[in-house]
Amino acid sequence: MIWILAAVGFFVAALFVADQLLAAPKYVENNSDHFDGKKFVNPDDAGTHHYGEVLKWWLGGNNKGPWKTYRKKDLPNFSPPPQSVNEREYRITFINHATFLIQIGNQNILTDPVWSFRASPYQWIGPKRKRPAGIDFDDLPHIDTVLVSHNHYDHLDIDAAKRLRNKCDPQFIVPLGVERYLHSQGIDNTLRMDWWDKYGLGNEIKLTAVPARHFSGRGLFDRNKTLWCGYVLESPSGNIYFAGDTGYGDFFKEIRQQFNSIDTAILPIGAYKPRWFMEAIHMSPEEAVMAHQDLNPTNSIGMHFGTFPMADDGMHEPINDLKKALTQENISSKKFQTLQHGESHHHKLEHSIMNDVA
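Residues numbered from 1 in each chain as written. Predicted model: local features only at pLDDT ≥ 70, side-chain atom pairs only at ≥ 80, totals over all residues. Heavy atoms only, no water.

Colleague: I keep staring at the sheet that holds strand 14 (residues 344-348) and nothing clicks. Help me out?
Modeller: Each strand in a sheet pairs with another by means of backbone hydrogen bonds, the pair being arranged parallel or else antiparallel. Spatially, seven strands are ordered 6-5-4-3-2-1-14 in an open sheet, and the strand pairing comes out mixed. Unpaired on one side and paired on the other, strand 6 (190-193) and strand 14 mark the two borders of the sheet. If you compare each strand with its neighbour and ignore which way they point, the axes differ by 20° on average. As defined by bridge partners, strand 3 (residues 107-111) adjoins strand 4 (residues 145-147) across three bridges and the pair is classed as parallel. Looking across to strand 4, one finds that I109 is bridged to T145. (Pairing = 2+ DSSP bridges. Helix = DSSP H or I, 4+ residues; strand = E, 2+ residues; numbered from the N terminus. Axes fitted to C-alpha atoms, helices over the stretch in contact; angles between N-to-C directions.)

Colleague: Looking at this structure, I do not really get helix 8 (residues 317-328). What am I missing?
Modeller: It helps to recall that an α-helix has 3.6 residues per turn; residues three or four apart then point in one direction. With twelve residues, helix 8 should cover 16 Å at 1.5 Å per step; its first-to-last C-alpha distance of 16 Å lies within 8% of that length. Those residues of helix 8 that fall on the buried side of the exposure criterion are P318, D321, L322, A325 and L326. Along the axis of helix 8, the buried residues cluster in a sector spanning 140°; they form a single face. For helix 8, the exposed residues lying more than 90 degrees away from the buried face are K323, K324 and T327. Just downstream of helix 8 lies N330, where phi reads positive at about 55°. (Expected span 1.5 Å × (residues − 1). Buried < 20%, exposed > 50% of the residue type's maximum accessible area, 1.4 Å probe, protein only. Arc of directions from axis to C-beta.)

Colleague: Looking at this model, I keep getting lost on the sheet that holds strand 8 (residues 205-210). Mind explaining?
Modeller: Spatially, the seven strands line up as an open sheet ordered 7-8-9-10-11-12-13, and their pairing is mixed. One side of each edge strand has no neighbouring strand; the edge strands of this open sheet are strand 7 (198-201) and strand 13 (336-337). Relative to strand 9 (residues 230-234), strand 8 is paired through five bridges, and the arrangement is antiparallel. Bridge assignment links K206 to a residue of strand 9, and that residue is E234. Its contacts with the sheet place helix 7 (residues 285-295) against strand 10 (240-242), strand 11 (264-268), strand 12 (299-303) and strand 13, and it is angled at close to 155° to strand 11. (Contact = heavy atoms within 4.5 Å.)

Colleague: Is there a simple way to think about the environment of S344 in this case?
Modeller: Within the secondary structure, S344 sits in strand 14. Judged by its relative accessible area of 27%, S344 falls in the partly exposed class. Considered as a pair, S344 and S261 are 83 residues apart in the sequence and their alpha carbons are 22 Å apart. Within polar-contact distance, the side chain of S344 engages the side chain of T93 at 2.6 Å. (Polar contact = N/O pair within 3.5 Å; in protein donor to acceptor, adjacent residues only side chain to side chain.)

Colleague: Help me out: how do you make sense of the side chain of T208 in this one?
Modeller: Mapped onto the elements of the fold, T208 is located in strand 8. The exposure class assigned to T208 is buried, which follows from its relative accessible area of 0%. With residues up to four places along the chain from it excluded, the contact list for T208 reads W196, D197, K198, G230, Y231, V232, E234 and F259.

Colleague: Hey, could you run me through helix 5 (residues 251-258) in this one?
Modeller: Within helix 5 the residues assigned to the buried category are F251, F252 and I255. The arc that holds the buried residues of helix 5, viewed along the axis, is 105°, so those residues lie on one side. Of the surrounding secondary structure, the elements contacted by the buried residues of helix 5 are strand 8, strand 9, strand 10, strand 11 and helix 7.

Colleague: Whenever I open this one, the layout of surface pockets confuses me. Can you help?
Modeller: Of the volumes computed, that of the second largest pocket is approximately 450 Å³. Residue lining of the second largest pocket: 31 residues in total, with P76, F78, G134, H341 and G342 positioned closest to the centre. Along the lines of polarity and charge, the residues of the lining of the second largest pocket split into 14 nonpolar, eleven polar and six charged. (1 Å grid on protein atoms, 1.4 Å probe; cavity = no way out; pocket = protein on both sides within 12 Å on 5 of 7 lines; lining within 4 Å. Points joined across faces, edges and corners; volume = space filled by probe spheres on them. Nonpolar A, V, L, I, M, F, W, Y, C, P; charged D, E, K, R; others polar.)

Colleague: Even after reading the chapter, I still don't get the pairing of strand 6, so can you show me in this structure?
Modeller: In regular strands, side chains alternate between the two faces of the sheet. The pairing of strand 5 (residues 171-175) with strand 6 spans four bridges and is classified as parallel. Note that in strand 6 the partner of I173 across the bridge is L191. One crossover worth recording links strand 5 to the parallel strand 6 by way of helix 4 (residues 178-184), and it is right-handed. (Right-handed = clockwise from strand over helix to strand, strands pointing away.)

Colleague: Would you explain the packing of helix 5 against helix 7 in this entry?
Modeller: Think of two packed helices as two axes; the pair is described by the angle between the axes and how far apart they sit. Put simply, helix 5 and helix 7 touch, their axes get as near as 8 Å, and they point 30° apart. Judged on the interaxial angle alone, helix 7 and helix 5 are roughly parallel. In terms of crossing hand, the pair formed by helix 5 and helix 7 is right-handed. Here F252, K253, I255 and R256 of helix 5 come into contact with helix 7, specifically with A291, D294 and L295. (Parallel < 35°, antiparallel > 145°, perpendicular 65-115°, else oblique. Left-handed = near helix turned anticlockwise from the far one by under 90°.)

Colleague: Any chance you could explain the packing of aromatic side chains here in plain terms?
Modeller: Each aromatic ring pair is summarised here by two numbers: the centre-to-centre distance and the angle between the ring planes. Enumeration according to the criterion identifies twelve aromatic pairs in this entry. Ring geometry for Y241 against F252: centres 6.4 Å apart, planes inclined by 75°, an arrangement best described as edge-to-face. Note that Y241 is positioned in strand 10 and F252 in helix 5, a separation of eleven residues in sequence. There is no split in this pair, since Y241 and F252 are both buried. (Phe/Tyr/Trp six-rings, centres within 6.5 Å; stacked < 30°, edge-to-face > 60°.)

The analysis is restricted to geometry; functional conclusions fall outside its scope.
Rendered as structure tokens:
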């Protein structure tokens, strides 16, 4: 009996020490209307899963679909992105998972930077990369701004963030509280935002942080102690919505109502099985199509698939299920596409006689 109690005590102490090493600093103010004094809450107080459900999923056998490891030589070779784009166009390049290079106006913007081998605090355990990044880190153009949707390891790779600081010293724009973690890691060029806050990037781009349905945490006991969000970029070249990591909710319709139009929506389609567990925090491809319909963009681009096995869906299930959902709703695949790692979507404003007259 004494040995059992000692083992339990050691395990609890180990958990505490591990959490102290991993947990991110917490948001400490209390001036957000979706912070209840202890934690952040989702739109409409929508819940997420709890630790008991996490254990049920982990211990339940995890009926995972198949994944394959690809090497760079196995994949199409796309040219590195340009250093910049013209003022009447934008280019969106899929790097991996939720990492995109958005080139718009005079800005090169990176979303949720991840180049690590594993989406984990350690490189010897956790979800392992199955595809190389579509752009080698050293082939990135100068990065002006980094948008971070939340602090999970598959969206904020701190080693990549430090490399970006050393290479370009971009401004890191983050949800409330995440800036404290970056500061603790020596990254000081930050701006924090709450939902619906606005900020100007240069002279022509307006950035708005928008709601998402998800959660946060890098340790065991810092869950929901910092905020999560998506972002909308408004510019003369067009409006781009980056959803971050999110489940489905009515807030998509609210986002659509707040902006004149959305030209491109970048929406997650992966890590959605099993639905009893993932529905609260990750959209399925069918729900991503619903979000596309709510937002009514000119086109959408899928993300959050094909790089890290984060859930039970297989490597190609998100794309296959997206195709089925689009067919069911009679939506062209050109309206909601998926890019290969390293592939770009190029949007260019039509030239007109009125432009010549102006």
